[in-house]
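What follows is the residue order along each chain.
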Amino acid sequence: MPITRTTSEITGNGTVNTTNIPYAEISVTNGPAIVEYSKGNVSYSKAFYEGTERLIIPAGINSLTVKGGSNTKTKVFLQNSIPEVNLSELKCYRNETGTITITGDDDLVFLSQSVNLTTVDVSDMRVEMDSLAKLFNRALATRTVGDAARYAKLKAALLAQTKI
């Protein structure tokens, strides 16, 4: 699934559409700002102060209401997947059926989405976790689309190899 990201900036009060979005980062300047949502008879309200905090949005919540003073600036960053807390650490898991899950690479996957991976060459790399870890570290350090695409291509090859 492609990663989608959007950012809304609100001064004072406003509403942000969160349909099918499970994750937000709330960043406040001149706060606090109150973020609210409700579902049925249950309401949630939290004060966000200076800085940035994560907010996991429950399924079925279609909007967040932001309430702040006239000088309060609130930036709401939304993503259609919940990223790991530490996006500089690659995590690999193998479940009991042998399926591998790789997390912690949202920024690199997002960066590589603009590239057609069929045009990316990783023939000089072995399809193994060590090679993937090296590409992850390189792409994380350089933040270039090319390195991120090489990482994404090798990740796809590794995941395809494990679906035997």
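Residues numbered from 1 in each chain as written. Predicted model: local features only at pLDDT ≥ 70, side-chain atom pairs only at ≥ 80, totals over all residues. Heavy atoms only, no water.

> Where do I start with the overall build of the protein chain in this structure?
Along its length, the protein chain carries 3 helices and 10 strands. In sequence order, the secondary structure elements of the protein chain are arranged as β-β-β-β-β-β-β-β-β-β-α-α-α. Here the analysis covers contacts within the protein chain between residues at least 6 apart in sequence; of these, 73% occur between residues at least 24 apart. With the model as given, the accessible surface of the protein chain reaches about 9400 Å², and the carbon-plus-sulfur share is 51%. Averaging the locations of the 17 positively and 16 negatively charged side chains of the protein chain gives two centres separated by 2 Å. (Helix = DSSP H or I, 4+ residues; strand = E, 2+ residues; numbered from the N terminus. Contact = heavy atoms within 4.5 Å. Areas by Shrake-Rupley, 256 points an atom, 1.4 Å probe, with all protein chains shown as cover. Lys, Arg positive; Asp, Glu negative; His and termini not counted. Charge placed at Lys NZ, Arg CZ, Asp CG, Glu CD.)

> Explain the packing of aromatic side chains to me, please; I cannot follow it from the model alone.
Any aromatic ring pair is given by two values, namely how distant the centres are and how the planes are angled relative to each other. Enumeration according to the criterion identifies 2 aromatic pairs in this entry. Geometrically, the ring pair formed by Y37 and Y44 is stacked, given 4.7 Å between the ring centres and 20 degrees between the ring planes. Among the residues examined, Y37 registers a relative accessible area of 14% and is labelled buried. When its relative accessible area of 27% is taken as the criterion, Y44 is described as partly exposed. Over the ring of F110 we find R5, and its NZ or CZ is 4.6 Å from the ring centre. (Phe/Tyr/Trp six-rings, centres within 6.5 Å; stacked < 30°, edge-to-face > 60°. Buried < 20%, exposed > 50% of the residue type's maximum accessible area, 1.4 Å probe, protein only. Lys NZ or Arg CZ within 6 Å of the ring centre and 35° of its normal.)

> Explanation requested: the side chain of D105 in the structure shown.
Mapped onto the elements, D105 comes out in the loop between β10 (100–103) and α1 (106–112). Discounting chain neighbours no more than four positions away, the residues touching D105 are L87, L90, F136, Y151 and K155.

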